[in-house]
Amino acid sequence: MIPLPLARIAEITSGALSGKADPRAVVRGPVVIDSRDVRPGSLFVAFKGARVDGHDYAAQAVRAGAVAVLASRPVEAPAVIVPDPALALAGLATAQAAALPDATVIGVTGSAGKTTTKDLLARLTARIGPTIAPVGSYNNEIGHPLTVLKADLDTRFMVLELSARNIGHIEALTRIAPPRIGVVLNVGTAHLGVFGGKEAIARAKGELVEALPRDGVAVLNADDPLVRAMAARTAARVTLYGQGEDAAIRAEGVTVDERGRASFTLHTPSGAAPVKLKLYGAPAVENSLAAAAAAYELGLPVATIAEELSEATPRSRWRMEVTDRPDGVTVVNDAYNANPDSMRAAFEALGALGKGRRRFAVIAALRELGEDGAALNEELGRLAGGSGLAGLVVAGPDAEPVLEGAAAVAGPPSAVSPDISGMSPSNGRALPIVHVPDAQAAAAQVDAWLQPGDVVLVKGPRAMGLERTAELLLGGAPQ
């Protein structure tokens, strides 16, 4: 961050110095919300959560090197006391962004693929100049300002991921660091129950392009009608990407190898170049095109864009991580989160990656789908049951619609671990379906089925923590 004395931080946040805080003491960063992340020169922001109160760790944070604590009540440490630490954090980030007028802010939003696209775009902008981007999915009212506060006077690009849990959320994030380029990926079914429909989701995602200045650029997915329609909502110039002929940045001749990795020719208005992705799954093409379109607008040559896309590997955890165990079993860890659209994409990737191999899946019931939840989870079960699996494990609560959907196309669930040692996806036997209570039980069940050469997909909503299933599978048979 840009170094600031405590007196200036108090001024920006309308806070009061407390606990013998020295107004001349300088915060040099990082700004953190976990006392374990404190480094010398840090500012520790204390939040009161449902289970943990950061104020209880204030003294520990200062002992670890924090200059002070941004807190909502006096603590046993130097502090800046504010009414609302979240609003104060946003205000501090807003002031920091305003002090960097030469830094280009690029916002990325969409129902799926934000993190992968952000990671790709940050890789591309780093070819031009110093870039900051969120770690993982720091994309909400806390993670967004924390990312902005990583910028310093050398920063040339801020690649920021913006999420929305309701109307107005993205608009609020754009006020912290006003974007010059806005990338909208898709309008899907994530948080469908919260928004009430895809039109409302589109309205929320479109707040990003509405925030763009007249000399900015809206990078829109030509293949998604709801995204394409956002062109009417911005004063900025519009660039379309996709696989259709009318997209300025497009992929032609897409092919997929035996590991589910796509290759294509990247076409731009100034030329074309071949791309061979190391990322897995069909959505990687869309994400790559979005990143390419934004990078092209920044002046990167098409050959450089293609080179970087072809070398990119996953930067953020639990998103289509494909790992081969020593015994030849392949574990696909896509457990970060899930919605109906990303589930379909994951099973498509599993089909490509597992062609000619026994395929298994560990999934869980999707959440935040509102009144359509039961029907969409039953559809998920049908998707899984009809995808040629050799065995399906459904973990966690509210699994009945998933189990019913899978059974409707593949046979009834199993109450005990079935013996499928001689089974293949095409031998006509009913699909073994097992319901287990948690991630650890899921790992134990599927590991009992696996043989050398098999492939297993692990994917579910964030709250289920199915990354633990994948970790257990990769660490050997669960205990």
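Before reading on, note that the structure itself is shown above.
An account of the accompanying structure is given in this report. (Residues numbered from 1 in each chain as written. Predicted model: local features only at pLDDT ≥ 70, side-chain atom pairs only at ≥ 80, totals over all residues. Heavy atoms only, no water.)

**A word on the overall build of the protein**
A tally of regular secondary structure across the protein gives 17 helices and 22 strands. Here the C-alpha radius of gyration of the protein, 24 Å, is about what a compact globule of 479 residues would show, namely 23 Å. Classification of the 479 residues of the protein by burial places 56% in the buried group. Taking contacts inside the protein between residues at least 6 apart in sequence as the whole, the part at least 24 apart equals 65%. When the accessible surface of the protein is summed, it comes to about 19,500 Å², and 51% of that surface belongs to carbon and sulfur atoms. Side chains of the protein carry 46 positive and 51 negative charges; the gap between the two charge centres is 4 Å. (Helix = DSSP H or I, 4+ residues; strand = E, 2+ residues; numbered from the N terminus. Rg over C-alpha atoms; globule rule 2.2 N^0.38 Å. Buried < 20%, exposed > 50% of the residue type's maximum accessible area, 1.4 Å probe, protein only. Contact = heavy atoms within 4.5 Å. Areas by Shrake-Rupley, 256 points an atom, 1.4 Å probe, with all protein chains shown as cover. Lys, Arg positive; Asp, Glu negative; His and termini not counted. Charge placed at Lys NZ, Arg CZ, Asp CG, Glu CD.)

**With respect to the sheet that holds strand E20 (residues 391–395)**
Either a parallel or an antiparallel arrangement is found when strands of a sheet pair, and the pairing is made through backbone hydrogen bonds. Read from one edge of the open sheet, 6 strands run E17-E18-E22-E19-E20-E21, paired in mixed fashion. If you trace the sheet from one side to the other, it starts and ends with strand E17 (321–324) and strand E21 (433–436), each paired once. When strand polarity is set aside, the average angle formed by the axes of neighbouring strands in this sheet is 15°. The pairing of strand E18 (residues 330–333) with strand E22 (residues 455–458) spans 4 bridges and is parallel. When the sheet's bridge partners are listed, Val331 is paired in E22 with Val456. Packing of helix H13 (residues 340–353) onto the sheet brings it into contact with E17, E18, strand E19 (359–364) and E22, and relative to E19 it is tilted by some 165°. (Pairing = 2+ DSSP bridges. Axes fitted to C-alpha atoms, helices over the stretch in contact; angles between N-to-C directions.)

**Structural notes on the sheet that holds strand E4 (residues 31–32)**
Across the sheet, 5 strands lie side by side as E2-E7-E6-E5-E4; this open sheet has mixed pairing. What marks the edges here is a single partner per strand, and that holds for strand E2 (16–18) and E4. In the sheet, E4 pairs with strand E5 (residues 43–45) via 2 bridges, with the strands oriented parallel. Of the residues in E5, the one forming a bridge with Val31 is Leu43. Where helix H1 (residues 6–13) meets the sheet, its contacts fall on E2, E5, strand E6 (68–71) and strand E7 (79–81), and the angle it forms with E7 comes to roughly 15°.

**Here's the deal with the environment of Thr174**
Mapped onto the fold, Thr174 is located in helix H6 (residues 169–176). The class for Thr174 is buried, based on a relative accessible area of 6%. Residues Thr174 and Leu208, spaced 34 residues apart in sequence, show a C-alpha to C-alpha distance of 7.0 Å. Not counting residues up to four positions away in its chain, the partners in contact with Thr174 are Leu162, Pro179, Leu208 and Ala211. There is a polar contact of 2.7 Å between the side chain of Thr174 and the backbone oxygen of Glu171. (Polar contact = N/O pair within 3.5 Å; in protein donor to acceptor, adjacent residues only side chain to side chain.)

**Details of unusual backbone geometry**
Here the residue pair Gly29 and Pro30 is connected by a cis peptide bond, since its omega of 5° sits within 30 degrees of zero. For Pro30, the position within the fold is in the loop between strand E3 (26–27) and E4. One non-glycine residue, Lys20, lies in the positive phi region at around 60°. Within the secondary structure layout, Lys20 lies in the loop between E2 and E3. Since its relative accessible area comes to 85%, Lys20 is described here as exposed. Phi is positive for Glu368, close to 60°, though the residue is something other than glycine. Mapped onto the elements, Glu368 comes out in the loop between E19 and helix H14 (373–385).

**Here we look at the pairing of strand E11 (residues 181–184)**
In E11, alternate side chains face the same way, and those of Ile181 and Val183 on one face and Gly182 and Val184 on the other are all buried. Bridge analysis of strand E8 (residues 104–109) against E11 gives 4 bridges, and the strand direction is parallel. If you follow Gly107 over to E11, its bridge partner there is Gly182. Of the strand pairs in this sheet, E11 and strand E12 (residues 217–221) are connected by 4 bridges, and their pairing is parallel. Residue Val183 lies in a different strand from E12, and its bridge partner there is Val219.

**Considerations on the side chain of Lys459**
Examined against the element boundaries, Lys459 turns out to sit in the loop between E22 and helix H17 (467–474). Within polar-contact distance, the side chain of Lys459 engages the side chain of Asp334 at 2.9 Å. In this structure the side chain of Lys459 is engaged in a polar contact, spanning 2.8 Å, whose partner is the backbone oxygen of Asn337. The residues contacting Lys459, other than those within four sequence positions of it, are Asp334, Ala335, Asn337, Ala338, Ser342, Met343, Ala346, Val362, Ile363, Ala364 and Leu466.

**Focus: the environment of Ala202**
Residue placement: Ala202 occurs in helix H8 (residues 198–205). Ala202 sits in the buried class, given a relative accessible area of 7%. Remark: the alpha-carbon pair of Ala202 and Asp37, spanning 165 residues in sequence, is separated by 36 Å. Those residues in contact with Ala202 that sit more than four places away from it in its chain are Val187, Leu226, Met230 and Arg233.

**Here we look at the pattern of salt bridges**
All told, the structure shown has 25 salt bridges when counted by the stated rule. The residue Arg73 makes a salt bridge to Asp56 at a minimum N-O spacing of 3.9 Å. A residue pair is termed long-range when its members are at least 10 positions apart, and Arg73 in the loop between E6 and E7 and Asp56 in the loop between E5 and helix H2 (58–63) qualify at 17 residues. Residue Arg73 is classed as partly exposed on the basis of its relative accessible area, which comes to 33%. In this structure Asp56 comes out as exposed when scored by relative accessible area, which is 58%. Two residues, Lys118 and Asp119, come together in a salt bridge whose shortest N-O distance is 2.7 Å. Of the two residues, Lys118 and Asp119, both sit in the buried class. Among the charged side chains, a salt-bridge network with shared partners connects Arg123, Arg127, Glu307 and Glu308. (Salt bridge = Lys/Arg side-chain N within 4 Å of Asp/Glu carboxyl O.)

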